[in-house]
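Listed below, chain by chain, are the residues.
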Amino acid sequence: MLPEDTRPLVYRLYLPPCFDPRRAARYPTLYLMHGLAQSESEWIDLGIAATADALIAQGSIPAMLIVMPGERTGYDMLVALTDTLLPHLERSLPSGGRPELRAIGGLSHGGGWALRIGFQHPELFGAIGLHSPAVISPDLYLLPTWATEMPSESIPRLWIDIGSEDTLLPGALELRARLDKLHWPYTWVQNPGEHTATYWSGHLAEYLDWYAQAWPSRGLEG
């Protein structure tokens, strides 16, 4: 967010059904960025809350918090999230606290933000998810610099998925080629589908399962 910008930073917050604000252990926390010309409600509209409720009830994933910031014209989402939103939430809720209990992801344009924020702040996020990503210019060319500057012990897990009929597939393949050139570890999933809500909503359980793979069932003591 620009320093002189006084507009509120809006976000949606998912709390698991068993949420206890007094619990000593911190909840794993997932930050999800929305697509271009969308809002902080996009992930909710796709069904992320209902999917998380079901998976938590089944014991498939641990109870988690999901934070969905809203981007506004003029916001630098990297600064808004890392300097304002994340510290605010971790002061007021038993959330995150360590990179291994935080993940960031996004779809389309939001995937571009997740890549930029996650690669520049590996000390904050242990996992980065890119869902049908639209890489923000000039980040594709900055990847080698970010990779070189990243401590080897801080490399986040990285996931990329996209539909075979997605118009952004060429860009995702270029991103994949850049990562291969850097010998960067990642998970690549190419599914049938287009750049649509139907595609993303159909893979929500898969996304949450991946984010939660490295999270302990009870979080970590604060």
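Residues numbered from 1 in each chain as written. Predicted model: local features only at pLDDT ≥ 70, side-chain atom pairs only at ≥ 80, totals over all residues. Heavy atoms only, no water.

### Describing the overall build of the protein
Note the following rule: Only DSSP runs of H or I reaching four residues or more are called helices, and only runs of E reaching two or more are called strands; each is numbered from the N terminus. What the globule rule says is 2.2 Å times the number of residues to the power 0.38, and the radius of gyration is computed from C-alpha atoms. Burial classes: relative accessible area under 20% of the type maximum marks a residue as buried, over 50% as exposed, and values in between as partly exposed (1.4 Å probe, protein chains only). Residue contacts are defined here by distance: any two heavy atoms, one from each residue, within 4.5 Å place the two residues in contact. For every accessible area listed, the method is Shrake-Rupley and the probe measures 1.4 Å; residues are considered covered only by the protein chains on display. Counted as positive: Lys and Arg. Counted as negative: Asp and Glu. His and the chain ends are not counted at all. Think of each charge as sitting on NZ of Lys, CZ of Arg, CG of Asp or CD of Glu.
Secondary structure assignment for the protein yields eight helices and nine strands. Relative to the compact-globule value of 17 Å for 222 residues, the protein shows a C-alpha radius of gyration of 16 Å, a close match. Reported as C-alpha extents along the three principal axes, the dimensions of the protein are approximately 45 × 40 × 35 Å. Classification of the 222 residues of the protein by burial places 53% in the buried group. Sequence-distant contacts in the protein: of pairs separated by 6 or more residues, those separated by 24 or more amount to 79%. Summing over all exposed atoms, the protein offers an accessible surface of approximately 9800 Å²; the carbon and sulfur share of this is 54%. Put simply, the protein has 15 plus and 25 minus side-chain charges, and the middle of one group is 6 Å from the middle of the other.

### What to know about the environment of Asp 20
Structurally, the position occupied by Asp 20 is in the loop between strand S1 (11-14) and strand S2 (25-26). For Asp 20 and Thr 82, which are 62 residues apart along the polypeptide, the C-alpha to C-alpha distance reads 24 Å.

### Considerations on the packing of helix H4 (residues 109-120) against helix H5 (residues 139-149)
In plain terms, the rule: Each axis is a line fitted through C-alpha atoms, taken for helices only over the stretch in contact, and angles between the N-to-C directions span 0 to 180 degrees. Between 65 and 115 degrees an angle is taken as roughly perpendicular, under 35 as roughly parallel, over 145 as roughly antiparallel, and anywhere else as oblique. Crossing handedness is read from the near helix: turned anticlockwise from the far helix by less than a right angle, it gives a left-handed crossing, and turned clockwise, a right-handed one. Following the grouping adopted for this structure description, the nonpolar residues are Ala, Val, Leu, Ile, Met, Phe, Trp, Tyr, Cys and Pro, the charged ones are Asp, Glu, Lys and Arg, and the polar ones are all others, Gly among them.
Closest axis-to-axis distance for the H4/H5 pair is 11 Å, and the angle between their directions is 20°. As the angle between them shows, H4 and H5 are arranged roughly parallel. Here H4 and H5 pass one another in a crossing that is left-handed. Where H4 approaches H5, its residues Gly 112, Leu 115, Arg 116, Phe 119 and Gln 120 are matched on the opposing element by Asp 139, Leu 143 and Trp 146. The class makeup of the residues in the contact of H4 with H5 is four nonpolar, two polar and two charged.

### Notes on the nonpolar core
This is how it is decided: We define the nonpolar core as a collection of buried residues of types Ala, Val, Leu, Ile, Met, Phe, Trp, Tyr and Cys that are connected through side-chain atoms lying within 4.5 Å of one another.
Counting 70 residues, the largest nonpolar core has Trp 43, Ile 66, Phe 119 and Leu 208 as its most contacted members. Not counting residues up to four positions away in its chain, the partners in contact with Ile 66 are Arg 12, Leu 13, Tyr 14, Leu 30, Leu 32, Ile 48, Ala 52 and Leu 208.

### Structural notes on the packing of aromatic side chains
Cut-off, in case you're wondering: We call Phe, Tyr and Trp rings a pair once their centres come within 6.5 Å, taking the six-membered ring for Trp, and we label the pair stacked below 30 degrees between planes, edge-to-face above 60, and tilted otherwise. For a lysine, the NZ atom is tested; for an arginine, the CZ atom; a charge sits over a ring if that atom is within 6 Å of the ring centre and within 35 degrees of the ring normal.
On inspection of all chains with the given rule, the structure shows six aromatic pairs. Consider the rings of Tyr 31 and Phe 125, whose centres lie 5.9 Å apart with planes at 80°: the pair is edge-to-face. Of the two residues, Tyr 31 is situated in strand S3 (residues 29-33) and Phe 125 in the loop between H4 and strand S6 (127-131); the sequence distance between them amounts to 94 residues. Judged by centre distance (6.4 Å) and plane angle (75°), the rings of Trp 159 and Tyr 207 are edge-to-face. Linking Trp 159 in strand S7 (residues 157-163) with Tyr 207 in helix H8 (residues 204-212), this pair joins segments that are 48 residues apart in sequence. Per residue, the accessibility class of Trp 159 equals that of Tyr 207, and both read buried. Ring pairs connect the aromatic residues Trp 159, Tyr 207, Trp 210 and Tyr 211, which therefore count as one cluster. Against the face of Tyr 27 rests Arg 23, its NZ or CZ located 3.6 Å from the ring centre. Just above the ring of Trp 113 sits the side chain of Arg 116; from NZ or CZ to the centre is 5.1 Å.

### Quick word on the pairing of strand S5 (residues 102-107)
Operational definition: Two strands make a pair as long as DSSP finds a minimum of two bridges between them.
Within S5, six of the six residues are buried, which leaves it mostly tucked inside the rest of the structure. Burial along S5 is two-sided: the face carrying Arg 102, Ile 104 and Gly 106 and the face carrying Ala 103, Gly 105 and Leu 107 are both buried. The pairing of S3 with S5 spans five bridges and is parallel. Bridging across to S5, Thr 29 finds its partner in Arg 102. Taken together, the five bridges between S5 and S6 define a ladder with parallel strand orientation. Residue pairing for S6: Gly 105 is matched across the bridge by Gly 129.

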